[in-house]
Amino acid sequence: MTTPGITAVGVRRSFGSVQAVRDVTLEAPAGAVTGLVGPNGAGKTTLLLMLASLLAPDAGTIRIAGVDPVTDPAAARSLLGWMPDALGAWPSLTVRETLVMTGRLYDLDDAAARRRADVLIAEVGLDGLAGAAARVLSRGQKQRLGLARALVHDPPVLLLDEPASGLDPQARIDLRGLLRRFAAAGKTVLISSHVLAELEEVVDDAVFVVAGATVGADRVAAAAERERPWRIRIAGQDARTAALPVAQALGLDVALVPVDRRDILVAFRSEAEAAEGLRRLIGAGVAVAEFTAATGMLEHTFLDLGTTEGGRA
Ligand SMILES: Nc1ncnc2c1ncn2[C@@H]1O[C@H](COP(=O)(O)OP(=O)(O)OP(=O)(O)O)[C@@H](O)[C@H]1O
């Protein structure tokens, strides 16, 4: 029976004495975009390489849409699209030739490979560069080609390592739309990125990897619930002047209410507490122009995990 999505249980991989991945257990369901988040050197790329069947795990089990990439790498590769963080393209082939060649490697006949290349060139916005050699592409253009290449065989599972790096704002918005469309079509998307604010806008859920191990759901939930700062901006008043009425309305000592450029920072323990704070400010007649969490949930959780228990799961 085919199980959609990606599962990994107790996966490990060392390079000599370096334990790059020491204990990863995760599930990325079909029909969703799952983020893979962790600090530099946490083991994300090593893990993605194992999921992509390009590196053998020392221990543990992996399933890509039900297929074991260790015992049946060919079947796994037919099910997954892999976008590495750096494009290892054939430098003298053009964009179109690269995609046609990739299609041929996936057993498309020549005509089908050409049709597929043209569709993908349009989809990733490389129309004007179809005849350009891969070596002359900018970093962002290479990223687009890497994405197109991962999609050649229309795989149900997509593994993307830092796909947004080097992309301009429009290309990032396009990428978000594309990933959401994939998820809506029932595909599985696992994406690593350091740009957490951006990841936040595209993922349904996130898996945190710290020091080679996935962080348990209870620890992630606890980290997410810890106090975090909110930015408050008051209409028509500079932040220093406005800090006093804000502190009074919230029952705080003004000396404990920091100011950051035009904003006042106040820590709340939860969204419910923040909502209550906003109610009090409005009730006290404070002209609130902006009231927003200073860090997104992913960033907040990431920072919290990095500062507790040495980040160990
Ligand atoms: N081929 C290799 N040989 C030796 N050590 C390696 C190898 N590949 C990775 N490592 C080590 O394994 C650890 C995890 O590396 P990995 O590239 O998986 O981390 P990452 O989470 O992707 O990091 P980043 O966010 O910086 O890209 C690092 O300490 C790295 O130095």
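Not measured: the values here are computed from a predicted model.

Overview of the site of the ligand
- For the ligand, the full set of nearby residues is Phe15, Val18, Ala20, Pro39, Asn40, Gly41, Ala42, Gly43, Lys44, Thr45, Thr46 and His194.
- Separating an oxygen atom of the ligand from a side-chain N or O atom of His194 is a distance of 2.9 Å.
- Isolated, the ligand exposes 640 Å² of accessible area, and the fraction of that covered by the protein chains is 59%.
- For the shell around the ligand, the secondary structure elements donating two or more residues are β2 (18-28) and α1 (44-51).
- Across the shell around the ligand, the residue classes tally to 5 nonpolar, 6 polar and 1 charged.

Focus on the pairing of strand β8 (residues 205-210)
- Within β8, 5 of the 6 residues are buried, which leaves it mostly tucked inside the rest of the structure.
- A loop of 2 residues connects β8 with strand β9 (residues 213-214), the two strands running antiparallel in sequence, and Ala211 in this loop sits at a positive phi of about 50 degrees.

A look at the nonpolar core
- Ranked by internal contacts, the top residues of the largest apolar core, which has 47 residues, are Leu99 and Leu179.
- If one sorts the elements of this core by residue count, helix α6 (residues 169-184) sits on top with 6 residues.
- Excluding anything up to four places from it in sequence, Leu99 contacts Ala117, Leu120, Ile121, Leu145, Ala148, Arg149 and Val152.

Some thoughts on helix α10 (residues 271-283)
- A rise of 1.5 Å per residue sets the reference length of α10, with its 13 residues, at 18 Å; its end C-alpha atoms lie 18 Å apart and thus fit the reference within 8%.
- Among all positions of α10, only Ala274, Gly277 and Leu281 are buried. Projected onto a plane normal to the axis of α10, the buried residues spread over an arc of 55 degrees and lie on a single side. Residues of α10 that are exposed and point more than 90 degrees away from the buried face comprise Ala272, Arg279 and Gly283.
- Where the residues of α10 are buried, they touch β10 (228-234), α9 (239-250), β12 (263-268) and β13 (288-293).
- Immediately beyond the C-terminal end of α10, within one or two residues, lies Gly285, with a positive phi of roughly 80 degrees.

Looking at the confidence of the model for the protein chain
- When pLDDT is averaged across the protein chain, the result is 91; 96% of the residues are at 70 or more.
- Segment residues 309-313: pLDDT under 50, and 14 contacts once partners within four positions in sequence are set aside and those in other chains are kept.

Overview of the packing of helix α3 (residues 95-105) against helix α5 (residues 139-150)
- The N-to-C vectors of α3 and α5 enclose an angle of 25 degrees; their axes lie 9 Å apart at closest approach. One element, α3, and the other, α5, form an angle in the roughly parallel class. The handedness of the crossing between α3 and α5 is right-handed. Touching Val95, Thr98, Leu99 and Thr102 of α3 are Leu145, Ala148 and Arg149, all from α5.
- Taken together, the residues that form the contact of α3 with α5 break down as 4 nonpolar, 2 polar and 1 charged.

Digging into the sheet that holds β13
- Spatial ordering of the open sheet is given by β11-β12-β10-β13, a layout of 4 strands whose pairing is antiparallel. Looking at which strands have only one partner, the edges of the open sheet turn out to be β11 (259-260) and β13.
- By the bridge criterion, 2 bridges tie β11 to β12 in an arrangement that is antiparallel. The residue of β12 that forms the bridge with Asp260 is Asp263.
- Relative to the sheet, α9 contacts β10, β11 and β12, its axis offset from that of β12 by approximately 25 degrees.
- Relative to the sheet, α10 contacts β10, β12 and β13, its axis offset from that of β13 by approximately 170 degrees.

Describing the side chain of Asp161
- Structurally, Asp161 can be placed in strand β6 (residues 157-161).
- Here the side chain of Asp161 touches Thr45 through a polar contact of 2.9 Å, side chain to side chain.
- A polar contact is formed between the side chain of Asp161 and the side chain of Ser192, at a distance of 2.7 Å.
- Every residue in contact with Asp161, bar those within four places of it in the chain, is listed here: Thr45, Leu48, Trp82, Met83, Pro84, Asp85 and Ser192.

Quick word on the packing of aromatic side chains
- Within this structure, the stated rule accounts for 3 aromatic pairs.
- Both rings, one in Phe268 and one in Phe291, keep their centres 6.0 Å apart while their planes meet at 45 degrees; by these two values the pair is tilted. Taken as a pair, Phe268 in strand β12 and Phe291 in strand β13 lie far apart in primary sequence, 23 residues in all. Each member of the pair, Phe268 together with Phe291, is buried.
- An aromatic cluster is built from Trp230, Phe268 and Phe291, whose rings are joined through pairwise contacts.

Brief notes about a nonpolar patch on the surface
- On the surface, Trp90, Met101, Leu105 and Tyr106 cluster together into a nonpolar patch covering about 390 Å² of accessible area.
- For Met101, the location among the structural elements is in helix α3.

Details of the domain arrangement of the protein chain
- When its domains are assigned, the protein chain resolves into domain 1 (6-214) and domain 2 (227-311).
- Taking only C-alpha atoms, the centre of domain 1 and the centre of domain 2 are 38 Å apart.
- The interface of domain 1 with domain 2 comprises 10 residues on the first partner and 8 residues on the second.
- Between domain 1 and domain 2, the buried area comes to about 770 Å², and carbon and sulfur atoms account for 81% of it.
- Three residues, Leu196, Glu200 and Phe208, lead the burial of domain 1 against domain 2; their summed loss comes to 61% of the area buried on that side.
- Remark: the boundary between domain 1 and domain 2 carries 0 salt bridges.
- Our enumeration of links across domain 1 and domain 2 arrives at 2 residue pairs in polar contact (both at pLDDT 80 or more).
- Secondary-structure elements contributing two or more residues to the side of domain 1 that touches domain 2 are α7 (196-202) and β8.
- For the side of domain 1 that touches domain 2, the class distribution of residues is 8 nonpolar, 1 polar and 1 charged.

Quick notes on the rules
- Starting from 1, residues in each chain are numbered consecutively following that chain's sequence as written.
- Per-residue local features are limited, in this predicted model, to residues with pLDDT of at least 70; the limit for side-chain atom pairs, both in listing and counting, is 80 or more; totals at the level of whole chains, interfaces and linings are taken over all residues.
- Side-chain numbers here rest on the full set of heavy atoms in the structure, without hydrogens or water.
- Distances are taken per atom, and a residue is near a molecule or strand as soon as one of its heavy atoms is within 4 Å of it.
- Counted as a polar contact is a pair of N or O atoms within 3.5 Å, where, for protein atoms, one must be capable of donating a hydrogen and the other of accepting one, and residues adjacent in sequence contribute only when both atoms are in side chains.
- The method behind every accessible area is Shrake-Rupley, applied with a 1.4 Å probe, and residues are considered shielded solely by the protein chains displayed.
- By definition, any uninterrupted DSSP run of H or I lasting at least four residues is a helix, any uninterrupted run of E lasting at least two residues is a strand, and each is numbered from the N terminus.
- Each residue is assigned to one of three groups, with Ala, Val, Leu, Ile, Met, Phe, Trp, Tyr, Cys and Pro labelled nonpolar, Asp, Glu, Lys and Arg labelled charged, and all others, Gly among them, labelled polar.
- A simple rule labels every residue: compare its accessible area, found with a 1.4 Å probe on the protein chains alone, to the largest value its type can have, and call it buried under 20%, exposed over 50%, or partly exposed in between.
- DSSP-based pairing: two strands are paired if at least 2 bridges between them are found.
- Note on terminology: a nonpolar core comprises buried Ala, Val, Leu, Ile, Met, Phe, Trp, Tyr and Cys residues joined through side-chain atoms within 4.5 Å.
- By the convention used here, residues are in contact when the closest approach between their heavy atoms is within 4.5 Å.
- To estimate the expected span of a helix, subtract one from its residue number and multiply by 1.5 Å.
- Regarding the arc, it is the one traced by the directions from the helix axis to the C-beta atoms.
- For every residue, the pLDDT score states the predictor's confidence, bounded by 0 at the bottom and 100 at the top.
- The convention used is that axes are lines fitted to C-alpha atoms, helices contributing only their stretch in contact, and that angles between N-to-C directions extend from 0 to 180 degrees.
- Oblique is the label for any angle not under 35 degrees, not over 145, and not in the 65 to 115 range, which are roughly parallel, roughly antiparallel and roughly perpendicular in turn.
- Crossing chirality is assigned from the near helix's rotation relative to the far helix, an anticlockwise turn below a right angle marking it left-handed and a clockwise turn marking it right-handed.
- Pairing of aromatic side chains requires ring centres within 6.5 Å, counting the rings of Phe and Tyr and the six-membered ring of Trp. Pairs whose planes differ by under 30 degrees are stacked, by over 60 edge-to-face, and all others tilted.
- Only residues above 30% relative accessible area that lack a salt bridge enter a patch, with like-charged residues linked at up to 9 Å and the nonpolar side chains Val, Leu, Ile, Met, Phe, Trp and Tyr linked at up to 5 Å.
- Think of a salt bridge as a Lys or Arg side-chain nitrogen and an Asp or Glu carboxyl oxygen that are within 4 Å of each other.
- Domain ranges listed in this record stem from an automatic or a database domain assignment.
- Buried area counts how much accessible surface, traced with a 1.4 Å probe, disappears from two parts once they are put together, with both parts' losses summed.

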